[in-house]
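# Structural features, examined
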Amino acid sequence: MIRDFKAQIFCHENKLSKREIDTVDPIWIERIDAYFRQSAILPPDGDPTEYAAAFEAVYPQARHRRQYIEDAIAKGTPCFGHKVLAGLIAAGMADCVFTTNFDPLVEDATVTANARLPVADQVRPTVAAIDSADRAMRCLNESDWPLIAKLHGDYQSIAIKNTGSELEAQDERMRHVLVEAGKRYGMLFVGYSGRDASIMEALNTVLDGPSPFPNGLYWLASSATRLLPSVTALLTRARSLGVDVAVVECATFDELAADVVKIADLPPQLYDWVMEGRPTPRLVPVQIPTIEARTFPVLRYSALLIEKMPNTARRMMLTSATSSPEVRALLKEKKCRATVAAMGRELAVFGKDQEVLAALSPLGARLAGEIALDPATDSWALGLLYDALVRALTRRRPLIPRLRRAGHSIDVATPRDGDDADRIRRDEQTLKKLRDSYGSALTGKVPKLGFPFQEGITVKLEQVDNRWWCGFEPYTFVQIPRPDAPGASAPDEPADTDPIAARLERGGDPAGDWRRERWAQRYNKNWAAIIDAWSQLLTGGREPVRTVGLEDGTGIDAVFELSRYTGWSRAGHHHAYFNRSR
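Residues numbered from 1 in each chain as written. Predicted model: local features only at pLDDT ≥ 70, side-chain atom pairs only at ≥ 80, totals over all residues. Heavy atoms only, no water.

## What to know about the overall build of the chain
- Scanning the chain for helices and strands turns up 21 helices and 18 strands.
- Taking all 582 residues of the chain together, the buried fraction comes to 42%.
- Across the chain, every contact between residues at least 6 apart in sequence was considered, and the portion connecting residues at least 24 apart equals 69%.
- Element-wise, carbon and sulfur atoms account for 51% of the exposed surface of the chain, whose accessible area totals about 32,200 Å². (Helix = DSSP H or I, 4+ residues; strand = E, 2+ residues; numbered from the N terminus. Buried < 20%, exposed > 50% of the residue type's maximum accessible area, 1.4 Å probe, protein only. Contact = heavy atoms within 4.5 Å. Areas by Shrake-Rupley, 256 points an atom, 1.4 Å probe, with all protein chains shown as cover.)

Next up, the structure:
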């Protein structure tokens, strides 16, 4: 639920549709988590109040929270763990279950388990929620088991506890049942985080009695290192009072249930029913290949290893806070070639110091030493290096950098009127290998439509296996006219939207068919040649690439050293597929 709430808040704050993200994709999960680490919308990850704050932020009204829970519960079915627990209840091996969940899965599974037994042997659990706590009181006083007590309410209850204020206090009658059970019996906590102050306070009250948890206190969690401080304090105090305390690590509820059912002497009909719901094993026996794999790589990546990149930039301080677009506008107005990232009143800059100071004089810019760059943790540093890399790869080459928020790209420059013959000849020679790999012109106009096109690549700066890579993917850029878009940005300036993406939103890409046809007949051999040509064009020789070209100490330049060769891979074992001649 917390993951879903965070995704909804992330989409709302970033003007995204929920359909545009994938909440099970690790990349999106990290992106969402990084967003909340840098904002104060919710408490920090793992904070005891995180669930309540997230739920209330997305659904402020109690009736909407109830509806959310009811909709979620409608999709649920008992898992293997629920069936094992239901089998224990039906067999009289588990008398009392306290839960903070709202769903009816335990009681539903118990009803099904009971149906497997003769009528005379069936047990019918009493279900009590915070608006029916008298039932729990009666069961406790009369030892009428089994009991399923829902500490935060049932999904059908009018009163359910979700928000911070609701979770601060526990219903007195339900609290009394929980405390008395702790004084009479032992307790086993499975998958409970200890986030609720009211429940943790009740458990601490048990420890105030003369003989708390007489049959022990056992806390099961995926990892003992992830226990909340309130849980650790409870267990430490209980141990000091002589309670038999143990923390048991278990990955999932189903794995715990599988271990329990091995030693529980369930009636045959219940055991058979439980094992029918056993999950399909993820690990199955396979024959390990014994033939050596081919040594030559069979898979080529369109990615260049970045062997070295900047770890510091110039730090500049401003008299007032600003944003990166505002700073870039001033630099462009003064024709100052620099790459910047703004963090309030602080700037990280690649460029000539005095030129940047002069251009940013309206903001009171002054030098303040250097600033360390950690792109793995700081998004502003990653963005700065991303911009600098694209500009460095195009400097002194017949290429155009296009910096956009949606992703940067590099396109082949179209010859301009007025270029001298030597420059035209030099650019043609530089692009010869690339042109030969495409087997067609790199720039021109789309037939019948007349829109200018340029071959290019989209560029990504990504970290894989603790190494940074410059990934690229060839594509064909088509300049589609946009008469309704005032003030289109220059190629080397960040833009809010991609013209092609905007055209798609308005009803389709007029050059889409031509573009697809252009790439349809390019198979592996053509792709390999194109990737090879782009990698050689981007790396040039063995010289590092520089964003600005400073070598005289007048500022800090972004210098990147890239491998001349793309990444390669090969199969982990030999297969007849690789014996093909083509």
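## Details of unusual backbone geometry
- Residue Pro-146 follows Trp-145 across a cis peptide bond; omega there is 5°.
- With respect to the element layout, Pro-146 can be found in the loop between α7 (133–142) and β3 (147–150).
- Phi at Lys-15 takes a positive value of approximately 55°, unusual for a residue other than glycine.
- As for its placement among the helices and strands, Lys-15 is situated in the loop between α1 (2–13) and α2 (26–37).

## Focus: the nonpolar core
- One finds Ile-306, Phe-350, Leu-434, Trp-534, Leu-538, Phe-560 and Leu-562 to be the most contacted residues of the largest nonpolar core, which totals 44 residues.
- Look past the residues within four positions of Leu-538 in its chain and what remains in contact with it is Leu-304, Leu-393, Arg-397, Leu-399, Ile-410, Ile-457, Phe-472 and Val-545.
- Judged by nonpolar contacts, the second largest core, of 34 residues, contains Ala-128, Leu-147, Leu-203 and Trp-219. (Core = buried A, V, L, I, M, F, W, Y, C linked by side-chain atoms within 4.5 Å.)

## Looking at the sheet that holds strand β17 (residues 555–556)
- The strand order across the open sheet formed by 4 strands is β10-β8-β9-β17, and the pairing between neighbours is antiparallel. Both outer strands of the open sheet, β10 (366–372) and β17, are each paired with one neighbouring strand and no more.
- In the sheet, strand β9 (residues 339–352) pairs with β17 via 2 bridges, with the strands oriented antiparallel. Across the sheet, Gly-351 pairs through a bridge with Ile-556, a residue of β17.
- Sheet strands touched by helix α14 (residues 324–333): β8 (312–322) and β9. Its angle to β9, the strand with the most contacts, is close to 40°.
- The strands touched by helix α16 (residues 379–394) within the sheet are β8, β9 and β10, with β9 carrying the most contacts at an inclination of about 25°. (Pairing = 2+ DSSP bridges. Axes fitted to C-alpha atoms, helices over the stretch in contact; angles between N-to-C directions.)

## A closer look at the pattern of salt bridges
- In this structure the tally under the stated criterion is 26 salt bridges.
- Note that Glu-201 is salt-bridged to Arg-175, the shortest N-O span being 3.0 Å. Of this pair, Glu-201 sits in helix α10 (residues 197–207) while Arg-175 sits in helix α9 (residues 172–184), and the two are 26 residues apart along the sequence.
- The exposure class of Glu-201 is partly exposed, given its relative accessible area of 40%.
- Exposure remark for Arg-175: the relative accessible area of 17% places this residue in the buried category.
- Across the pair Asp-353 and Arg-314 runs a salt bridge, and its minimum N-O distance is 2.9 Å. Residue Asp-353 is located in helix α15 (residues 353–359), and its partner Arg-314 is located in strand β8; the two are separated by 39 residues in the primary sequence.
- Note on Asp-353: relative accessible area 8%, which makes it buried.
- Its relative accessible area of 14% is what places Arg-314 among the buried residues. (Salt bridge = Lys/Arg side-chain N within 4 Å of Asp/Glu carboxyl O.)

## Some points on a nonpolar patch on the surface
- Where nonpolar side chains cluster on the molecular surface, the patch consists of Leu-188, Val-190 and Phe-253 and spans about 250 Å² of accessible area.
- Among the structural elements, Phe-253 can be located in helix α12 (residues 253–263).
- Classification of Phe-253 as partly exposed rests on a relative accessible area of 32%. (Patch = residues over 30% accessible without salt bridge, like charges linked within 9 Å, V, L, I, M, F, W, Y side chains within 5 Å.)

## Side note on the packing of aromatic side chains
- Evaluated as defined, the whole model comprises 15 aromatic pairs.
- An angle of 75° between the planes, with centres 6.3 Å apart, marks the rings of Phe-5 and Tyr-59 as edge-to-face. Here Tyr-59 lies in the loop between α3 (50–58) and α4 (62–73) and Phe-5 lies in helix α1, a separation of 54 residues in the sequence.
- Judged by its relative accessible area of 18%, Tyr-59 is buried. (Phe/Tyr/Trp six-rings, centres within 6.5 Å; stacked < 30°, edge-to-face > 60°.)

## Overview of helix α5 (residues 80–90)
- A large share of α5 lies buried, amounting to 9 of its 11 residues.
- Those residues of α5 hidden inside the fold are in contact with β1 (96–99), α6 (105–114), α12 and α13 (268–276).
- Just past α5, the residue Gly-92 takes up positive phi, approximately 75°.

## Some details on helix α21 (residues 524–539)
- Its 16 residues place the ends of α21 22 Å apart at the C-alpha level, agreeing with the 22 Å of an ideal helix rising 1.5 Å per residue.
- Those residues of α21 not exposed but buried are Ile-530, Ile-531, Ala-533, Trp-534, Ser-535, Leu-537, Leu-538 and Thr-539.
- Downstream of α21 by a residue or two, Gly-540 has a phi angle that is positive, lying close to 65°. (Expected span 1.5 Å × (residues − 1).)

## A closer look at the sheet that holds β1
- Taken together, the 3 strands give an open sheet; going across it, the order is β1-β3-β2, and neighbouring strands pair in parallel fashion. Only two strands of the sheet have a single neighbouring strand rather than two, namely β1 and β2 (126–128). Looking at each pair of strands side by side, their axes are set apart by 15° on average, direction ignored.
- Where β2 meets β3, 3 bridges bridge the pair, whose relative direction is parallel. The residue of β3 that forms the bridge with Thr-126 is Leu-147.
- α7 contacts β2 and β3 of the sheet and is inclined by roughly 130° relative to β2.

## Regarding the confidence of the model for the chain
- Counting all residues, the mean pLDDT for the chain is 86, and 89% of those residues have values of 70 or more.
- Overall, residues 485–489 carries pLDDT values under 50, and its contacts beyond four positions in sequence, including any with other chains, amount to 2 contacts. (pLDDT = per-residue confidence, 0-100.)

## Focus on the packing of α1 against α2
- Two numbers describe how α1 lies on α2: the axes approach to 10 Å, and their chain directions differ by 70°. With respect to α2, the element α1 is oriented roughly perpendicular. Here Arg-3, Lys-6, Ala-7, Ile-9, Phe-10 and Glu-13 of α1 come into contact with α2, specifically with Trp-28, Ile-29, Arg-31, Ile-32, Asp-33, Tyr-35 and Phe-36.
- Split by residue class, the contact of α1 with α2 holds 8 nonpolar, no polar and 5 charged. (Parallel < 35°, antiparallel > 145°, perpendicular 65-115°, else oblique. Nonpolar A, V, L, I, M, F, W, Y, C, P; charged D, E, K, R; others polar.)

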